[in-house]
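# Understanding the architecture of this molecule
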Amino acid sequence: MAEHNALLCPALDKVAGEEFLQKAFQIMLEEGVRKGMDASEKVCDWKEPEELQQILDLDLKDGGEPQERLLDRCRDVIRYSVKTCHPRFFNQLFSGLDPHALAGRLITEMLNTSQYTYEIAPVFVLMEEVVLKKLRELIGWEEGDGLFSPGGSISNMYAMNVARYHRFPDCKQKGNWAIPKLAVFTSQECHYSIQKGAAFLGIGTDNIYLVAVDEKGKMIPADLEKKINQAKSERAFPFFVNATCGTTVLGAFDPVAEIAEVCARHKIWLHVDAAWGGSALLSQRHRHLLNGVERADSVAWNPHKMLMTGLQCSAFLLRDNSGLLQRCHCAEATYLFQTDKFYNRAYDRGDQTIQCGRKVDCFKLWLMWKANGTRGLEQRVDRAFAMTRYLADEIKKREGFQLVIEPEFINLCFWYVPPSLRGKEGCTDYCLRLGKVAPMIKERMMKKGSMMVSYQPLGNRVNFFRQVVTNPAVTREDLDFFLDEIERLGRDL
Ligand SMILES: Cc1ncc(COP(=O)(O)O)c(C=O)c1O
């Protein structure tokens, strides 16, 4: 009886739900967007994990909570989260907030659909194709294929899988037992997802040949050729070269045109990981950094990094237009991709992916592109380069700041040398002590909440800062603050 009554009325209070949403949106706008983008507010409100756990009262309980309490919880979540849209957040390869992209993300969330079939996502199926085509055109391909994937790492893994299938189609059914030992080539500076991909796909990390880089962090094509010959002599089958356009730390661009020559000579699939640097293709002034990218077989490009669409937006693009992606991944599930559909099944693109449900990632980019036009996006890219140039020049003028490398892209890598270490380069413990400076400054800035920037060691270089500006809301004042603050936080070390 109780069950019967339960069915008579809906189990969701729509009016209360709408009221909650309105208030939650208001909080989001005030606490997240307005305060988040305000330079006078903190970038982060640092708490130790134990303290944060106490504040947030995270345990899930048997009973529900009143709306006001839930709204307080929303406020707390925003308050104690890092504001990646803050003009002094320089920590990641993504930052900033584009209002149109955010609207796209919210509408996508609201519609809560999956990109796999035309019947459930008609608008987004058509839209994804238009956006991918535009990205392919910027690469220089008139035709091709592609999809939006859950990030650059996955796009790189897609590339490996498609390349393997292209060379050894039997592998899909028979597995790695049916094919020779495969060899992957990538530079020492590549993103770690290449390593993960080799492990994930059963290729094995031991079968990655790391190609040497020059002093700028760019792959040396002659060494690539050497490593390919070495792999052949070790009875491995070279099938995949990954060239990086915009390496994660130094922002180096591998010489794709020369690498393409080597790949053509040895008939090896060329993938370009342009997850970071791909957006330079939008700039007439800087697109030369990717010269030769049109010769790649596949490209990974993350608009969620430099273009500020918000996570995630990563395109995996393919030069092939023969349906390779579909053949490589299809499983033909008849409950989803019925063969007797009432519309053209060619619009059901979901079976060309490794996923089932797939988030809509094209809309935020599409809406932002519509709002800014290609020219507007180009200006953003050019501005990011100009900001980095400004900072690099400032660094050269300031005592105690030392560039690790002259920036070619928008990765600004530098050491801050505190007064106590200046002129002590010859001391035996100099590097050891210098390596401790960046982590200590980082701790101080986070506890103060004034800004965020990342640091890392690289090869034989001890910890240095890597600063990145992609956010067009950043002003020269923010950049001056950035250098001043490093000095303020580090001068007594
Ligand atoms: C060069 C490069 N490739 C791939 C990736 C991975 O991208 P995602 O974080 O979207 O997986 C990154 C991330 O920083 C990167 O710098």
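Rules used in this analysis
- Numbering of residues starts from 1 in every chain and runs along the sequence as written.
- Totals for whole chains, interfaces and linings use all residues, but because this is a predicted model, local features are given only for residues with pLDDT of at least 70 and pairs of side-chain atoms are given and counted only at 80 or more.
- Side-chain numbers here rest on the full set of heavy atoms in the structure, without hydrogens or water.
- UniProt positions are given in the numbering used here, feature names are shortened, and annotations may be inferred rather than shown by experiment.
- Elements are defined by DSSP. Helices are runs of H or I of four residues or more, strands are runs of E of two residues or more, and each kind is numbered from the N terminus.
- We compute the radius of gyration over the C-alpha atoms and compare it with the globule rule, which gives 2.2 Å times the number of residues raised to the power 0.38.
- Only protein chains enter the accessibility calculation, which uses a 1.4 Å probe. A residue is then buried if its area is under 20% of the maximum for its type, exposed if over 50%, and partly exposed in between.
- Areas reported as accessible are Shrake-Rupley estimates using a 1.4 Å probe. Residue values count occlusion only from the protein chains shown.
- The axes used here are C-alpha line fits, helices contributing only the stretch in contact, and every angle between their N-to-C directions lies in the interval 0 to 180 degrees.
- Angle categories are assigned with fixed cut-offs, so that under 35 degrees is roughly parallel, over 145 is roughly antiparallel, 65 to 115 is roughly perpendicular, and the rest are oblique.
- The sense of a crossing depends on the near helix, which, turned anticlockwise from the far helix by less than a right angle, makes the crossing left-handed and, turned clockwise, makes it right-handed.
- By definition in these notes, contact holds between two residues if any of their heavy atoms fall within 4.5 Å.
- Residues are grouped as follows: Ala, Val, Leu, Ile, Met, Phe, Trp, Tyr, Cys and Pro are nonpolar; Asp, Glu, Lys and Arg are charged; every other residue, Gly included, is polar.
- Here a salt bridge means any side-chain nitrogen of Lys or Arg lying within 4 Å of a carboxyl oxygen belonging to Asp or Glu.
- Bear in mind that the domain bounds are from an automatic or database domain assignment.
- Once two parts are brought into contact, the accessible area they lose, counted with a 1.4 Å probe and summed over both, makes up the buried area.
- Strand pairing is defined by DSSP finding a minimum of two bridges between the two strands.
- Proximity is defined per residue: any heavy atom of the residue falling within 4 Å of a molecule or strand makes that residue near it.
- Polar contact is the term for a pair of N or O atoms within 3.5 Å; when the atoms are in protein, one must be able to donate a hydrogen and the other to accept it, and sequence-neighboring residues count only if both atoms are side-chain atoms.
- How far a helix is expected to stretch is found by multiplying one less than its residue total by 1.5 Å.

Going by what an unreviewed UniProt entry lists, the protein is known as Cysteine sulfinic acid decarboxylase and is assigned to Podarcis muralis. Of the protein, the UniProt comment under Subunit (unreviewed entry) reads exactly: "Homodimer." Turning to the protein, the UniProt annotation filed under Sequence similarities (unreviewed entry) states: "Belongs to the group II decarboxylase family."

## Considerations on the overall build of the protein
Within the protein, the regular secondary structure consists of 15 helices and 12 strands. Taken over the C-alpha trace, the protein has a radius of gyration of 25 Å; the compact-globule value for 493 residues is 23 Å, and the two agree within 12%. Buried positions account for 53% of the 493 residues belonging to the protein. Of the roughly 23900 Å² that the protein leaves accessible, carbon and sulfur atoms contribute 54%.

## Comments concerning the packing of helix 10 (residues 221–233) against helix 11 (residues 256–266)
With their axes 9 Å apart at the nearest point, helix 10 and helix 11 run at an angle of 25° to one another. As the angle between them shows, helix 10 and helix 11 are arranged roughly parallel. Like other packed secondary-structure pairs, helix 10 and helix 11 cross with a definite hand, here right-handed. From helix 10, P221, L224, E225, I228, N229 and K232 reach across to helix 11, where they touch E258, I259, V262, R265 and H266. Among the residues forming the contact of helix 10 with helix 11, the class breakdown is five nonpolar, two polar and four charged.

## Points about the pattern of salt bridges
For the structure on display, the rule yields 40 salt bridges. With a closest N to O distance of 3.1 Å, E129 and R136 form a salt bridge. The partly exposed category is assigned to E129, whose relative accessible area is 25%.

## A word on the UniProt feature "modified residue: N6-(pyridoxal phosphate)lysine" (unreviewed entry) in the protein
Per the UniProt record, "modified residue: N6-(pyridoxal phosphate)lysine" (unreviewed entry) is annotated on K305. Along the chain, the position of K305 falls in the loop between strand 7 (298–301) and strand 8 (314–318). Among all residues touching K305, those that are not within four sequence positions of it are L93, F94, A275, W276 and T470.

## A word on the domain arrangement of the protein
Each assigned domain of the protein is listed here: domain 1 (16–78), domain 2 (104–369) and domain 3 (371–490). Here domain 1 and domain 3 have C-alpha centroids that lie 31 Å from each other. Across the contact, six residues belong to domain 1 and eight residues belong to domain 3. In total, about 580 Å² of surface goes out of reach between domain 1 and domain 3, with carbon and sulfur atoms giving 69% of it.

## Details of the pairing of strand 12 (residues 461–468)
Counting buried positions over the eight residues of strand 12 gives six, a clear majority of the element. Bridge count between strand 10 (residues 411–416) and strand 12: four bridges; the pairing is antiparallel. Residue pairing across strands places F414 opposite F465, the latter belonging to strand 12. Summarising the sheet, strand 11 (residues 452–458) and strand 12 pair through four bridges and their orientation is antiparallel. Paired with Y455 across the bridge in strand 12 is F465. With antiparallel pairing between neighbouring strands as the criterion, strand 11 and strand 12 make up a hairpin whose turn holds two residues, including G459 at a positive phi of roughly 55°.

## What to know about the site of the ligand
Contacts to the ligand come from 14 residues, most closely from G152, S153, T248, D273 and K305. K305 places a polar side-chain atom, nitrogen or oxygen, 3.0 Å from an oxygen atom of the ligand. Protein coverage of the free-state accessible area of the ligand, which is 390 Å², stands at 84%. For the shell around the ligand, the element with the most residues is helix 7 (residues 152–167), which contributes three residues. When grouped by side-chain class, the residues that make up the shell around the ligand number two nonpolar, 10 polar and two charged.

## Examining helix 15 (residues 476–490)
Along its 15 residues, helix 15 runs 21 Å from first to last C-alpha, staying within 8% of the 21 Å computed at 1.5 Å per residue. The set of residues buried in helix 15 consists of D478, L479, F481, F482, L483, E485, I486, L489 and G490.

## Comments concerning the side chain of T309
Structurally, T309 is set in the loop between strand 7 and strand 8. Residue classification places T309 among the buried residues on the basis of a relative accessible area of 0%. Within the structure, the side chain of T309 is placed 3.5 Å from the backbone nitrogen of H304, a separation counted as a polar contact. Excluding its chain neighbours within four sequence positions, the residues that come into contact with T309 are A101, R105, P303, H304, K364, L365 and M368.

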